[in-house]
Amino acid sequence: MELKKDINAVSIDMLLIVHSEKRRAAQGTHSDQQADPSALLQRRGGFQGIGNGVRRWQKLEGNDLHENLVEKQHPQQPQVITSYDSQGTQLTVEVHPRDAMPQLLKKFSLAKRLQGDKNGNTRPRQPGGKDAHAYPWDRSSLKSMSLDLRQFEKLDLYASQVTAKSGLDELVSDLLQEAHTDLERVRAIWIWICHHIEYDIAAAQEKDRQAFKPTDILRTQKTNCDGYAGLFERMCRIAGVQCMTVPGYSKGFGYQTGQSFSGEFDHAWNAVYLEGRWHLVDSTWGSGLVDTTTSKFTFLYNEFYFLTHPALFIEDHFPDNKNWQLLKPPQSLRQFENNMYHKSEFYNKGMLSAHPETSMIRTVNGKATVTIESCAPTLFMFMLNGKQEHGLLSLRKNGMKLEVYPPTMGTHKLQIFAKGNSDIYSSVLEYTLKCNYVDMGVRLPAELHQPVGPSWFSEQMGIMKPSHPDPIIHTSDGRCSISFSVEEGINVLASLHGDDGPITEETQRRYIFQLHWEKRTELKVQLPHAGKFALKIFVKKRQEPGNYIFVFNYLLCCANTKVNWPMFPESFGNWGQDNELLEPLSGVLPANRNIPFKLKLHGIAKVLVKGQDTWPLTLNHEGYWEGSCSTAGCQEVYVMVLENANHNFYSYILKYKVNAQ
């Protein structure tokens with residue numbers, strides 16, 4: 001007689017007293033070999049005290065078990081279960097409840113296909129040493145086994161299109177038509193559930209509501225997390241694959257960074273036994289998501305939660321039994337609460353690591369820095385307290401760097417988003433910032449958008465070899481010149497933005513003058529006053545309709561309080577991409593003065609400058625149009641061009657204002 005304590009299989013403490021006696025063989029010999037526990041048709045303990053939709057199964061279906069009847073025992077007495085295996089081994093098991101209240105036990109569903117392993121073992125074994133994956137994740141794969149998802153393309157399409165049936169046996173039979181291995185069987189079941197079963201938010205919030213039976217789930221195609229897990233387990237068992245339901249805590253809907261976990265478990269998921277090891281799946285989170293603002297469920301398939309690497313799964317799943325972490329060494333609940341939580345989209349979008357590795361960050365001299373490493377160029381954005389302000393985000397070929405300057409002391413919420421192949425930015429990280437000092441000298445313009453500085457993205461958009469590769473430009477006199485090569489057929493537009501002006505769209509561009517020379521574009525910038533400004537760069541393909549697309553911006557800084565530059569002259573549509581203006585660059589001219597003009601214009605027959613009178617410019621041997629104009633008696637001065645000598649129509653290309661006397 002062997003006494004053992006088995007808490008892994010049932011999630012409640014039970015003492016199993018196994019009596020084993022081998023029937024006498026025909027020769028009359030007697031064997032003392034211990035009976036294989038796999039022959040035991042064991043009942044499995046229901047979930048006790050599992051909240052938010054994780055409750056025990058209330059009823060069992062009649063076809064759960066191929067007939068092996070167990071007599072009901074008095075609630076205060078141990079249950080006695082007797083069974084025989086195919087070789088005639090008798091097993092007698094006494095099940096002693098942990099407390100005076102009887103526990104509802106759930107039987108295993110054994111399919112006809114489930115023949116067991118080479119030892120005849122049909123009872124799911126508990127995870128052991130060979131199931132434990134060394135921590136941390138080695139970055140080689142998001143999965144706990146080597147997979148090529150392309151091998152599932154045909155199967156996934158087939159499984160997603162199988163219609164619901166009135167019974168599980170028929171549904172599983174249909175799904176297995178295209179599945180030929182245990183891995184494919186699990187995949188087909190996973191795909192079907194993720195594409196057909198909707199999360200029932202109302203049921204999850206009703207703590208006293210009965211758990212869903214599989215037949216109810218098939219009828220309504222709705223359930224909560226324990227329903228997902230129970231359905232997945234039942235379908236796997238019918239398909240002949242060993243599967244267990246695992247309850248525990250989760251960092252799911254409603255989770256707040258740094259929160260503690262206690263009391264009832266709030267989630268359930270599954271472990272499946274494939275190729276000699278246990279693997280983890282969560283079909284609830286694989287099927288879609290709940291909008292935190294509307295509390296509505298949306299089907300949105302998430303591949304991440306299929307056979308997830310245990311070192312990644314532990315970031316948002318903490319099982320009631322540490323063995324189901326499949327980690328070596330396992331984490332404590334305190335570690336689970338304090339560890340950095342990378343959302344599934346962090347890994348889905350190719351992120352590899354983030355620093356700091358703690359969810360709580362304290363600023364140093366009013367600044368916090370976050371870096372992310374990714375396996376491919378990725379677009380990022382951030383929000384501090386729900387606004388895209390108070391930070392400098394620069395892109396790198398394999399990640400990004402973010403410097404955040406909270407505007408006030410206290411606690412702040414920092415969210416980081418990444419953009420994959422779609423046009424949607426997804427949240428990948430959340431931090432809590434603790435700020436005990438604000439540097440009043442670091443006030444960033446509200447219009448400083450993301451990213452700052454040139455990067456692989458600006459090259460992709462046609463802007464290359466910038467004269468200023470760094471995102472911040474300091475100028476002592478309030479002027480700077482920025483140049484870069486521009487891909488053929490690309491137009492560039494720039495605008496200047498500061499918290500204290502310029503205000504209108506026209507003036508935002510009038511402090512920048514754009515020149516083109518030797519296949520490069522130059523932006524001459526004059527700041528209206530001291531301070532910090534965002535210089536935004538936009539591009540547009542000439543032959544394509546639509547608006548200009550924002551690419552990046554520079555942060556321009558000037559501490560010289562004497563700076564007070566006027567705007568550049570206003571340019572009109574006929575000002576060509578390859579024109580050059582040497583003088584005058586100021587858009588405001590002094591009154592009663594002779595002003596020299598010098599500019600290079602291409603394909604022009606005549607050039608005039610018009611004030612109170614009109615003065616022609618002459619073309620010199622270097623290809624520049626030169627001359628002068630008097631500002632006496634006028635408020636505005638225009639540069640006009642005649643494109644063809646046979647035409648009499650002049651076009652305005654530049655406009656200057658004249659100071660009042």
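As the structure is a computational prediction, the values presented were derived from the model and not from experiment.

Draft legend 1. Examining the pairing of strand β42 (residues 651–658) more closely. Extensive coverage of β42 is indicated by the burial of six of its eight residues. As judged from the two bridges shared by strand β34 (residues 570–571) and β42, these two strands associate in the antiparallel manner. Its bridge partner being in β42, Glu570 is matched across the sheet by Lys655. Summarising the sheet, strand β36 (residues 588–589) and β42 pair through two bridges and their orientation is parallel. Of the residues in β42, the one forming a bridge with Val588 is Lys657. Here six bridges tie strand β41 (residues 636–642) to β42, and the two strands are oriented antiparallel to one another. Bridge pairing in β42 places Val639 opposite Leu654.

Draft legend 2. Main features of unusual backbone geometry. Cis peptide bonds are those with omega within 30 degrees of zero, and the linkage from His355 to Pro356 qualifies with 5°. Its place among the elements puts Pro356 in the loop between β18 (351–355) and β19 (360–362). Residues Gln450 and Pro451 are joined by a peptide bond in cis, for which omega reads 5°. Relative to the assigned elements, Pro451 resides in the loop between β25 (425–435) and α11 (456–460). The backbone of Arg139 sits at a positive phi, close to 70°, despite the residue not being glycine. Within the secondary structure, Arg139 sits in the loop between β7 (133–134) and α1 (153–161).

Draft legend 3. Spotlight on the pattern of salt bridges. On inspection of all chains with the given rule, the structure shows 22 salt bridges. Note that Arg187 and Asp156 form a salt bridge whose closest N and O atoms lie 2.7 Å from each other. Within this pair, whereas Arg187 is found in helix α3 (residues 182–196), its partner Asp156 is found in helix α1, the two being separated by 31 residues in sequence. Its relative accessible area of 2% is what places Arg187 among the buried residues. Judged by relative accessible area, Asp156 falls into the buried class, the value being 17%. The residue Glu403 makes a salt bridge to Lys401 at a minimum N-O spacing of 3.5 Å. What makes Glu403 buried here is its relative accessible area of 15%. Of the residues examined, Lys401 reaches a relative accessible area of 27% and is grouped as partly exposed.

Draft legend 4. Structural view of the sheet that holds β18. If you walk across this open sheet you meet the four strands as β18-β20-β23-β22, and the pairing is antiparallel. Lying at the two open borders of the sheet, with one neighbouring strand each, are β18 and β22 (391–396). The average angle at which neighbouring strand axes cross in this sheet is 10°, direction not considered. Inspection of the sheet shows β22 paired to strand β23 (residues 399–404) by six bridges, in the antiparallel sense. Each bridged residue has a counterpart across the sheet, and for Leu393 the counterpart in β23 is Leu402.

Draft legend 5. Summary view of the pairing of strand β40 (residues 625–630). Both strand β37 (residues 594–600) and β40 contribute to a ladder of six bridges, which runs antiparallel. Within β40, the residue paired with Ile595 across the bridge is Cys629. When strand β39 (residues 614–619) meets β40, the two strands line up antiparallel, connected through two bridges. Residue pairing across strands places Thr618 opposite Glu626, the latter belonging to β40. Taken together, β39 and the strand that follows it, β40, pair antiparallel across an intervening segment of five residues, in which Gly623 is found at a positive phi of about 90°.

Draft legend 6. Geometry of the sheet that holds strand β31 (residues 520–526). With antiparallel pairing, the four strands of this open sheet are ordered in space as β26-β28-β31-β30. At either end of the open sheet lies a strand with only one pairing partner, and these are β26 (463–464) and β30 (512–517). Summarising the sheet, β26 and strand β28 (residues 479–486) pair through two bridges and their orientation is antiparallel. Note on β28: the bridge partner recorded for Met464 is Ser485.

Draft legend 7. The arrangement of α3 in detail. Over its 15 residues, α3 runs 21 Å from end to end, which matches the ideal 21 Å to within 8%, given 1.5 Å per residue. In terms of residue burial, α3 counts as a mostly covered element, since 13 of its 15 residues are buried.

Draft legend 8. Expanded view of the confidence of the model for the protein. Residues of the protein with pLDDT of at least 70 account for 79%, and the chain-wide mean is 81. Contacts from residues 1–78, a stretch scored under 50 in pLDDT, to residues over four places away or in other chains number 209 contacts. Note that pLDDT drops below 50 for residues 80–121; the model gives that stretch 132 contacts with residues more than four away or on any other chain.

Parameters and conventions
Residues numbered from 1 in each chain as written. Predicted model: local features only at pLDDT ≥ 70, side-chain atom pairs only at ≥ 80, totals over all residues. Heavy atoms only, no water. Buried < 20%, exposed > 50% of the residue type's maximum accessible area, 1.4 Å probe, protein only. Helix = DSSP H or I, 4+ residues; strand = E, 2+ residues; numbered from the N terminus. Pairing = 2+ DSSP bridges. Salt bridge = Lys/Arg side-chain N within 4 Å of Asp/Glu carboxyl O. Axes fitted to C-alpha atoms, helices over the stretch in contact; angles between N-to-C directions. Expected span 1.5 Å × (residues − 1). pLDDT = per-residue confidence, 0-100. Contact = heavy atoms within 4.5 Å.

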